[in-house]
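Letter by letter, the chains look like this.
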Amino acid sequence: MAAVSTFAGPTAPTAPTGPRGRRLPARRGACGGTGAGDAPVTSPVTNPVTAPAPATAPDRPQAETDNPLDLIAGHQLLAEAAPPAAGGAAAGCGCGHPMCVDEDRDRTALARVFLVERHSVASAGLRSVLATAPGLTVVGSTGDPLRAVAAVRRIAPDVVLLGRGASLEEDLATVVALRGPDGAPDARVLLLRRAESTAEASRMLLAGAGGCFPLDLAGERIIGAVQLAAAGGSVFLPAPPPARIHAAAPVRHLGELPPQRAGLTEREREVLVKLGLGLSNAEIGRELALAEATVKKHLTQAMRKIGQPDRLRAALYAHRHGLAG
């Protein structure tokens with residue numbers, strides 16, 4: 001006969017532990033808010049062998065981060081437990097952090113922000129600044145841009161803040177990946193760097209970014225920039241200086257042929273329109289049901305007819321003449 005275990009009485013729950021084994025106060029939120037789950041248990045003791053498993057809490061968005069210090073920035077995770085509210089009711093912290101948001105709270109009005117910042121101190125500072133902004137909540141972060149694509153695909157944020165990399169080209173490649181089909185195509189991406197010229201601003205827009213700003217701005221201006229991007233706008237802070245035009249260098253586009261006089265075929269015009277929207281040759285091929293080599297052929301012929309030497313200038317031509325909307 002198998003031995004039957006006996007249960008002498010209730011067992012005290014194991015207190016959660018923090019870094020280096022430090023015991024943390026039992027709580028529900030990330031910054032000290034308590035909830036109904038913290039009230040003393042008054043139900044009769046049941047046999048743990050036969051007790052039913054607790055119901056699974058409904059799914060809700062969770063913060064994702066690969067930096068524990070970044071997760072708790074601006075939130076007193078190690079603080080003493082807050083005193084219970086009068087009458088034993090649950091007391092929420094109201095900070096807006098995704099770990100502190102009550103399950104019954106309507107989060108549809110919150111714009112979800114994801115941070116891609118290599119430097120943990122800068123990431124923590126951004127999180128602290130944005131924690132004070134109404135209508136914004138940071139839902140995750142990573143210090144590795146290579147991991148960011150998979151993360152934003154799972155979380156589907158509204159805004160992604162991309163920290164400065166080794167070069168603008170590297171950052172623009174990351175923007176393309178973040179807004180590609182394997183990332184979050186509907187997210188607005190802001191680069192955490194300055195646009196040194198209007199040409200750089202154009203390159204950012206063509207890559208799919210919604211603008212840029214440096215980290216040395218005042219906190220309220222950073223919040224305003226993120227709120228504007230979340231609302232669907234484009235923002236460049238500070239405004240990039242206009243490109244310098246030398247007197248000896250004529251402005252080429254003043255005398256360029258308009259599309260209706262350039263002799264473009266219908267297919268060449270379609271390829272040019274898609275280029276102006278920031279699509280790659282492979283993406284244009286999928287949109288128009290063409291082989292990538294065929295797209296390249298049409299694009300080369302179109303660039304020759306409109307007198308543009310490269311893809312960037314051809315895309316800007318499409319914007320100047322209203323082909324890209």
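Quick note: structure is the one above.
Reading guide: rules and limits
Residues numbered from 1 in each chain as written. Predicted model: local features only at pLDDT ≥ 70, side-chain atom pairs only at ≥ 80, totals over all residues. Heavy atoms only, no water. Helix = DSSP H or I, 4+ residues; strand = E, 2+ residues; numbered from the N terminus. Buried < 20%, exposed > 50% of the residue type's maximum accessible area, 1.4 Å probe, protein only. Contact = heavy atoms within 4.5 Å. Core = buried A, V, L, I, M, F, W, Y, C linked by side-chain atoms within 4.5 Å. Pairing = 2+ DSSP bridges. Right-handed = clockwise from strand over helix to strand, strands pointing away. Axes fitted to C-alpha atoms, helices over the stretch in contact; angles between N-to-C directions. Parallel < 35°, antiparallel > 145°, perpendicular 65-115°, else oblique. Left-handed = near helix turned anticlockwise from the far one by under 90°. Nonpolar A, V, L, I, M, F, W, Y, C, P; charged D, E, K, R; others polar. Expected span 1.5 Å × (residues − 1). Arc of directions from axis to C-beta.

A. Inspection of the environment of G163 at higher detail. Take G163: it is sitting in strand β4 (residues 159–163). Given the relative accessible area of 0%, G163 is considered buried. Remark: the alpha-carbon pair of G163 and L190, spanning 27 residues in sequence, is separated by 8.8 Å. Once residues lying within four places of it in the same chain are set aside, the contact partners of G163 are V116, E117, R118, D171 and L192.

B. Looking closely at the nonpolar core. In this structure, F114, V160, L178, L191 and M204 are the most contacted members of the largest nonpolar core, which totals 25 residues. Of all the secondary structure elements, the ones that give two or more residues to this core are β2 (111–116), α3 (145–155), β4, α4 (168–178), β5 (188–192) and α5 (198–207). A per-element tally of this core places α3 first, with 5 residues. Not counting residues up to four positions away in its chain, the partners in contact with V160 are F114, V116, V152, L178, A187, R188, V189 and L190.

C. Spotlight on the pairing of strand β3 (residues 136–142). Counting buried residues along β3, 7 of its 7 residues qualify, which places the element largely inside the surrounding structure. As paired elements, β2 and β3 share 6 bridges and run parallel to each other. What sits directly across from L115, in β3, is S141. Note that the unit made of β2, helix α2 (residues 120–130) and β3 has a crossover that is right-handed.

D. Examining the pairing of β2 more closely. Within β2, 6 of the 6 residues are buried, which leaves the element mostly enclosed by the surrounding structure. Side chains of β2 alternate between two faces, with A111, V113 and L115 and R112, F114 and V116 buried alike. Relative to β4, β2 is paired through 4 bridges, and the arrangement is parallel. If you follow V113 over to β4, its bridge partner there is V159.

E. Spatial organisation of the packing of helix α7 (residues 266–276) against helix α8 (residues 281–288). At a minimum axis separation of 10 Å, α7 and α8 run at an interaxial angle of 125°. Comparing their axes, α8 and α7 come out oblique. Like other packed secondary-structure pairs, α7 and α8 cross with a definite hand, here right-handed. Judged by residue contacts, R267, E270, V271, K274 and L275 of α7 engage I284, E287 and L288 from α8. In terms of residue class, the contact of α7 with α8 is built from 4 nonpolar, no polar and 4 charged.

F. The arrangement of the environment of I223 in detail. One can find I223 in helix α6 (residues 219–230). Separated by 87 residues in sequence, I223 and L136 have C-alpha atoms that sit 8.7 Å apart.

G. Local environment of the side chain of K274. Within the element layout of this structure, K274 appears in helix α7. Relative accessible area serves as the criterion here: at 19%, K274 is assigned to the buried category. Residues in contact with K274, not counting those within four places in the same chain, are L279, I284, E287 and L288.

H. Geometry of α6. With 12 residues, α6 ought to run about 16 Å at 1.5 Å a step, and its terminal C-alpha atoms sit 17 Å apart, in line with that. For α6, the full list of buried residues reads I222, I223, A225, V226 and A229. Take α6 and look down its axis: the buried residues cluster within an arc of 160°, on one side only. As for α6, its buried residues are in contact with β2, α2, β3, β4, β5 and β7 (235–236). Positive phi appears at G232, one or two residues downstream of α6, with a value of about 100°.

I. Focus on unusual backbone geometry. In this model, L237 is joined to P238 through a cis peptide bond whose omega is -15°. Its place among the elements puts P238 in the loop between β7 and α7. A positive phi angle, near 55°, is found at A156, a position not held by glycine. Here A289, not a glycine, exhibits a phi torsion of approximately 60°, which is positive.

J. Spatial organisation of α2. Those residues of α2 not exposed but buried are S123, A124, L126, R127 and L130. Taken down its axis, α2 places every buried residue within 160° of arc, on the same side.

K. Spotlight on the packing of α2 against α6. Across the interface, α2 lies against α6 with an axial gap of 10 Å and an inter-helix angle of 80°. Taken together, the axis directions place α2 and α6 in an arrangement best described as roughly perpendicular. From α2, L126, V129 and L130 reach across to α6, where they touch G219, I222, I223 and V226. Looking at the contact of α2 with α6, its residues break down into 6 nonpolar, 1 polar and no charged.

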